Amino acid sequence: MPMELPYAADAEDSLSYDELQVLRLQYQKEVSQSHVTVQTKFNYAWGLIKSPKREHQVEGVGILQDIYRNEPVRRRECLYYLALGYYKMGNYEEAKSFVGRLLEKEPSNLQAQSLNALIEEKATRDGYIGMAIAGGAAAVGALLLTSLVRRAVRR
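Residues numbered from 1 in each chain as written. Predicted model: local features only at pLDDT ≥ 70, side-chain atom pairs only at ≥ 80, totals over all residues. Heavy atoms only, no water.

## As for the environment of Gln57
Just so we agree on the cut-off: The helix and strand labels rest on DSSP assignments: H or I over at least four residues marks a helix, E over at least two residues marks a strand, and numbering proceeds from the N terminus. The contact rule is simple, with two residues in contact once any of their heavy atoms fall within 4.5 Å. Any pair of N or O atoms that falls within 3.5 Å is considered a polar contact. Within protein, one atom must be able to donate a hydrogen and the other to accept it, and sequence-neighbouring residues count only if both atoms are side-chain atoms.
Tracing the backbone through its elements, the reader meets Gln57 in helix H3 (residues 54-70). Along the sequence, Gln57 and Gly85 sit 28 residues apart, while their C-alpha atoms lie 6.0 Å from each other. Once you skip the residues sitting within four places of it in the chain, Gln57 turns out to touch Leu48, Ile49, Ser51, Pro52, Lys88 and Met89. Here Ser51 takes part through its backbone oxygen, which lies 2.7 Å from a polar atom of the side chain of Gln57.

## Digging into unusual backbone geometry
Condition: Categorising residues by exposure relies on relative accessible area from a 1.4 Å probe, with only protein chains included: less than 20% of the type maximum marks a residue as buried, more than 50% marks it as exposed, and the intermediate range marks it as partly exposed.
At Ser34, a position not held by glycine, the phi torsion is positive, near 60°. Topologically, Ser34 is positioned in the loop between helix H1 (17-32) and helix H2 (38-49). According to the relative accessible area criterion, Ser34 is exposed, its value standing at 71%.

Right, here's the structure in full:
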């Protein structure tokens, strides 16, 4: 019997406007003081990624990428949220890449396994939708071409 994975709740849960505002104000305060701690950056990026707004998610991923590049000791904790951010933005290849790196380091990480399953499921579903759209467009194109050929033959 397959083991049930814990749901990657971060994939669907959002922060309230007020919760995100608290993180934003702390981040802006530290920016104005010319010293932003890595923890404040991480917290703000986490909140942005949990936002339903794409522009917030993009900003959050950008901050996390900066932390990932410049703070080697914080890379592991960035991997999950980078994967989550890319998942929420619909960039499943990048999401798979980051969750894959995390699973290489921590193969028994149930939260990462759950997120990986969500990414695979969504990528597969979107792939089927894309194929259906392409197939429908090809069918319409074939019908139009057939109609044009018939008209040309009749003349």
